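# Summary of structural features
The lines below spell out each chain.
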Amino acid sequence: MKNYLMRLGAIVLVASAFMGCTKNADKINGLKGANKLALANDGAGEIANTNTYTVKPNEWFVDGTNIMPGTIIYIPAGTRGALLLKNLKGTPENPIIITNTGGKVTLSTSTTASYGFKTQNCRYFKVLGTGDPAVKYGFNVNGGNIGMTMDDLSSDFEIANVEVRNSGFAGIMAKTDPSCDVATQRGYFIMDNVQIHDNYVHKTGGEGLYIGNSFYAEGRQLSCGTVLPHDVTNLKVYNNLTDSTGCEGIQVGSATLNCEVYKNIVKTPGVSPFASGQNNGIQIGEGTGGKCYRNLVKNAPGNGIIVLGLGDNLVYDNIIINPGVHGIFADSRFTPGPYFQFINNTIVNPGMYGIRMNSETIAMNIVINNLIIVPLAANAINRMDSDVKLTSSNNYVAKTISQVKFLNFYGDNFNLSSRSPILDKGINVLSYGISVDYYGRIRPSTGPIDPGASEY
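Residues numbered from 1 in each chain as written. Predicted model: local features only at pLDDT ≥ 70, side-chain atom pairs only at ≥ 80, totals over all residues. Heavy atoms only, no water.

### A look at the overall build of the chain
Helices and strands together make up the secondary structure of the chain, namely four helices and 39 strands. In the chain, the proportion of contacts linking residues at least 24 apart, taken out of those at least 6 apart, comes to 70%. With an accessible surface of roughly 19000 Å², the chain has 53% of that area assigned to carbon and sulfur atoms. (Helix = DSSP H or I, 4+ residues; strand = E, 2+ residues; numbered from the N terminus. Contact = heavy atoms within 4.5 Å. Areas by Shrake-Rupley, 256 points an atom, 1.4 Å probe, with all protein chains shown as cover.)

### With respect to the pattern of salt bridges
Evaluated as defined, the whole model comprises 11 salt bridges. Here lysine 126 ties to glutamate 158 by a salt bridge, and the two come within 3.5 Å at their closest N and O atoms. Placement of lysine 126 in strand E7 (residues 123-128) and of glutamate 158 in strand E10 (residues 155-160) is noted, with a sequence separation of 32 residues between them. Salt-bridge contacts for arginine 441 lead to aspartate 437; the nearest nitrogen and oxygen are separated by 2.9 Å. (Salt bridge = Lys/Arg side-chain N within 4 Å of Asp/Glu carboxyl O.)

### Description of the state of the cysteines
In the structure shown here, the tally under the stated rule is one disulfide. Through a disulfide, cysteine 180 is tied to cysteine 224; the S-S separation comes to 2.1 Å. Here the disulfide of cysteine 180 and cysteine 224 is left-handed, its torsion about the S-S bond being about -95°. Here cysteine 180, found in the loop between strand E12 (172-174) and strand E13 (190-197), pairs with cysteine 224, found in the loop between strand E16 (220-222) and strand E17 (225-227); they are 44 residues apart in sequence, far enough to count as distant. Of the residues examined, cysteine 224 reaches a relative accessible area of 44% and is grouped as partly exposed. (Disulfide = S-S within 2.5 Å. Buried < 20%, exposed > 50% of the residue type's maximum accessible area, 1.4 Å probe, protein only.)

### Focus: the layout of surface pockets
Empty space within the second largest pocket amounts to approximately 340 Å³. Taken together, 22 residues line the second largest pocket, and the ones lying closest to its centre are Ser214, Gln251, Gln278, Gln283 and Arg333. Elements that contribute at least two residues to the lining of the second largest pocket include exactly strand E15 (209-211) and strand E20 (250-252). Each residue belonging to the lining of the second largest pocket can be placed in one class, and the counts come to eight nonpolar, 10 polar and four charged. (1 Å grid on protein atoms, 1.4 Å probe; cavity = no way out; pocket = protein on both sides within 12 Å on 5 of 7 lines; lining within 4 Å. Points joined across faces, edges and corners; volume = space filled by probe spheres on them. Nonpolar A, V, L, I, M, F, W, Y, C, P; charged D, E, K, R; others polar.)

### What about the packing of aromatic side chains?
Tallied over the full model, the rule gives 16 aromatic pairs. With a centroid separation of 5.0 Å and 5° between ring planes, the pair formed by tyrosine 293 and tyrosine 316 is classed as stacked. Pair noted here: tyrosine 293 is in strand E24 (residues 290-293) and tyrosine 316 is in strand E27 (residues 312-316), with a separation of 23 residues, a long-range link. The pair tyrosine 293 / tyrosine 316 is uniform in exposure class, with both members buried. Relative to phenylalanine 342, the ring of phenylalanine 340 has its centre 6.1 Å away and its plane inclined at 45°; by these criteria the two rings are tilted. The buried category is assigned to phenylalanine 342, whose relative accessible area is 0%. In this structure, arginine 186 packs its charged tip against the face of tyrosine 216, placed 3.6 Å from the ring centre. (Phe/Tyr/Trp six-rings, centres within 6.5 Å; stacked < 30°, edge-to-face > 60°. Lys NZ or Arg CZ within 6 Å of the ring centre and 35° of its normal.)

### Observations concerning the pairing of strand E33 (residues 364-368)
Across the five residues that make up E33, a large majority, four, are buried. Strand direction decides the pairing type here: strand E30 (residues 339-343) and E33, joined by five bridges, are parallel. In the sheet register, tyrosine 339 faces E33, and the bridge partner there is methionine 364. Pairing geometry for E33 and strand E36 (residues 390-393), over four bridges, is parallel. Bridge pairing in E36 places asparagine 365 opposite leucine 390. (Pairing = 2+ DSSP bridges.)

### Focus on the sheet that holds strand E26 (residues 305-307)
Read from one edge to the other, the open sheet built from 12 strands follows the order E2-E4-E6-E9-E12-E15-E20-E23-E26-E29-E32-E35, with strand pairing classed as parallel. The open sheet is flanked by strand E2 (61-63) and strand E35 (381-383), the only strands paired with a single partner. When strand polarity is set aside, the average angle formed by the axes of neighbouring strands in this sheet is 10°. Pairing geometry for strand E29 (residues 328-330) and strand E32 (residues 355-357), over three bridges, is parallel. Residue pairing in the sheet places alanine 330 in a bridge with methionine 357 of E32. (Axes fitted to C-alpha atoms, helices over the stretch in contact; angles between N-to-C directions.)

### Here we look at the confidence of the model for the chain
Model confidence for the chain is summarised by a mean pLDDT of 90, while 89% of its residues fall at 70 or above. Here residues 1-49 is a poorly scored stretch, pLDDT under 50, and it has 33 contacts once near neighbours within four places are set aside; other chains count. (pLDDT = per-residue confidence, 0-100.)

### Some details on the side chain of asparagine 199
Relative to the elements of secondary structure, asparagine 199 occurs in the loop between E13 and strand E14 (200-204). At 2.9 Å, the side chain of asparagine 199 forms a polar contact with the backbone nitrogen of valine 162. Setting aside residues up to four positions removed in sequence, asparagine 199 forms contacts with Tyr137, Ile159, Ala160, Asn161, Val162, Ile172, Asn239, Asn240 and Leu241. (Polar contact = N/O pair within 3.5 Å; in protein donor to acceptor, adjacent residues only side chain to side chain.)

### Points about the pairing of E10
Across the six residues of E10, six count as buried, placing the element largely inside the fold. Alignment of E7 against E10, held across five bridges, turns out to be parallel. Its bridge partner being in E10, phenylalanine 125 is matched across the sheet by phenylalanine 157. Looking at chain direction, E10 and E13 are connected through four bridges and run parallel. Within E13, the position partnered with isoleucine 159 by the bridge is isoleucine 196.

### Examining the environment of serine 179
Secondary-structure assignment places serine 179 in the loop between E12 and E13. On the accessibility criterion, serine 179 (25% relative accessible area) is partly exposed. Remark: the alpha-carbon pair of serine 179 and leucine 222, spanning 43 residues in sequence, is separated by 7.5 Å.

### Examining the environment of alanine 134
Among the structural elements, alanine 134 can be located in the loop between E7 and strand E8 (139-142). A relative accessible area of 71% places alanine 134 in the exposed class. Taking the C-alpha atoms as reference points, alanine 134 and lysine 104, separated by 30 residues in sequence, lie 9.3 Å from one another.

### Focus on the environment of glycine 208
Tracing the sequence through the fold places glycine 208 in the loop between E14 and E15. Glycine 208 gets classed as buried once you look at its relative accessible area, which sits at 0%. Taking the C-alpha atoms as reference points, glycine 208 and glycine 246, 38 residues apart in sequence, are found 7.8 Å from one another. Beyond its immediate stretch of four places on either side in the chain, glycine 208 contacts Ala170, Gly171, Ile172, Val201, Thr245, Glu248 and Gly249.

Structure, rendered in structure tokens:
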């Protein structure tokens, strides 16, 4: 009997230990974000034991062929050279997470180097500079011709809380250019489920964010013939800050399905464009549909927002200040869709026109509830010619900023005061899917809608 009780006790102890391990694992897997990372970091070690991997200071690349889904890859704080990540393959349920630990990680290289941070053939992964709650941008990529690039069939990824600066060309690039390898071409590869948010990109030689190929319709002419670029689907670009970029602050191309560009701040783009027409704030480029909303664009030498999209484009609740040419410019290039819709935007002091439409081939341009501050009313809304189809309603044109009576325009407070003459001058746009204003408030609050991006 004594021996039986001893054996029974041993079994209970083993079972308890096993259950404890299971509960700890469940605790880690059940947590999200910084809490999960902090807890997992307590046991950082070899992948086989804890599903973590720590990149050594002298490692310039990591081959993820044998790295398991759900692994957390830690990059310790400090300054290091460029980094290449290859063949990381997470799953939708268990993405691979790359994060900083112990403070800020600076990846520094010359502008003549190809990149500062690069992924090749990676899928279901996240690059998150959130490993230290005391540091807003846990990764700082300084230099490289392209600061940060998601390349070579990389897909299903998230980039957040990264600072990119001093790149020779683009700050953050996400695309695989088509080649004679059919795996890179339209119909064979889709870059899907991409989120790029809460990043700070500044002092770049070219675009701040460059996402998708710019030549959706014509593709590239190579030795094997014409090759077409891949589609980008389910793309979200939000809460990014770009400043002093050589070309556009944000450029999106080939984003054919469920594209949203929103709540970004684009300051002083186009400071050194490499070609004419490359000095705009936000470019919704060829092959791109979807929504562009609640963005602030300031001091673009070219157009505030340029739309060359598919024709299912909804551009609303944006604030565009001091564009050198047009506030919004629309051109129908590859545009099989039914309309461009420009609704409840605020455009201040454009160099030429508030909204300029060269979009002749699209079925209809819809321009409603925009607030345009321009000295000459004739320069508020302009069509290239009578072939541009237009539905225009309840747009409010003011000559001066003071006339509108913002609460504190020069302090970037774009709310309207109770004395603003534009209150209630708009029409209801719920049928267009617009239910909030620039600040996220329900629109309308009471009574009719106000023109422009902010609702009183």
